[in-house]
Amino acid sequence: MPKSRLRKKSDYTPPTTAATAVKLKSGRGFIAPLMLGLFLVGLVWIVVYYVTNAQWPISAIGNWNILIGFAFIAGGFGVSTQWK
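Calculation criteria
Residues numbered from 1 in each chain as written. Predicted model: local features only at pLDDT ≥ 70, side-chain atom pairs only at ≥ 80, totals over all residues. Heavy atoms only, no water. Helix = DSSP H or I, 4+ residues; strand = E, 2+ residues; numbered from the N terminus. Buried < 20%, exposed > 50% of the residue type's maximum accessible area, 1.4 Å probe, protein only. Expected span 1.5 Å × (residues − 1). Arc of directions from axis to C-beta. Contact = heavy atoms within 4.5 Å. Phe/Tyr/Trp six-rings, centres within 6.5 Å; stacked < 30°, edge-to-face > 60°.

An account of unusual backbone geometry is needed here, citing residue identities and associated values.
With omega at -10°, the peptide bond leading from W56 into P57 counts as cis. Relative to the helices and strands, P57 resides in the loop between α1 (31-51) and α2 (64-80). Notably, N53 is not glycine yet its phi reads approximately 55°, a positive angle. Along the chain, N53 falls in the loop between α1 and α2. Not every positive phi belongs to a glycine, and A54 is a case in point at roughly 70°. Structurally, A54 is set in the loop between α1 and α2. Overall, the relative accessible area of 23% leaves A54 in the partly exposed class.

Please provide a residue-by-residue account of α1, values included.
For α1, spanning 21 residues, the distance from its first C-alpha to its last is 30 Å, which sits close to the expected 30 Å at 1.5 Å a residue. Inspection of α1 places I31, M35, L38, G42, W45, I46 and Y49 among the buried residues, and these make up the whole buried set. Seen along its axis, α1 keeps its buried residues to an arc of 95°; they face one direction. Residues of α1 that are exposed and angled more than 90 degrees away from the buried face: L36, L40 and V51.

So, α2: which residues are in play, and what are the values?
With 17 residues, α2 extends 24 Å between its outermost C-alpha atoms, agreeing within 8% with the 24 Å of an ideal straight helix rising 1.5 Å per residue. For α2, the complete set of buried residues consists of N65, I66, G69, I73, G76 and V79. Each buried residue of α2 sits inside an arc of 150° when the element is viewed along its axis, so together they form one side. Opposite the buried face of α2, at more than 90 degrees from it, the exposed residues are W64 and F77.

Lay out the environment of G42 with the relevant residues and their values.
Mapped onto the secondary structure, G42 falls in helix α1. Separated by 31 residues in sequence, G42 and I73 place their C-alpha atoms 5.2 Å apart. Setting aside residues up to four positions removed in sequence, G42 forms contacts with G69, F72 and I73.

Before we move on, can you summarise the packing of aromatic side chains with the specific residues and values?
Geometrically, a pair of aromatic rings is defined through the distance of the ring centres and the angle of the planes. For the structure on display, the rule yields three aromatic pairs. With 4.9 Å between their ring centres and 65° between their planes, F39 and F77 make a pair best called edge-to-face. Of the two residues, F39 is situated in helix α1 and F77 in helix α2; the sequence distance between them amounts to 38 residues. For the pair W45 and F72, a centre-to-centre distance of 5.9 Å together with 45° between the ring planes defines the contact as tilted. On the criterion of sequence distance, the pair formed by W45 in helix α1 and F72 in helix α2 is long-range, its members being 27 residues apart.

Pasting the structure below:
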């Protein structure tokens, strides 16, 4: 079998220009706390509904309380798409 030729590669030399630091500050520091807050409010809403036997948070709407809790959780997932 023929032997391949060996290529001589020069050592890597970094560019001589000065590198500038890149700032990744996007100004969206409220996204993570808002997301976690919506998750927590939705979870607490559903847990309170079940623990109090549908007397709290709003007894007049009945099982719609579960939908409200899941809406808060879905809002948290919606906000999480904006997190960088």
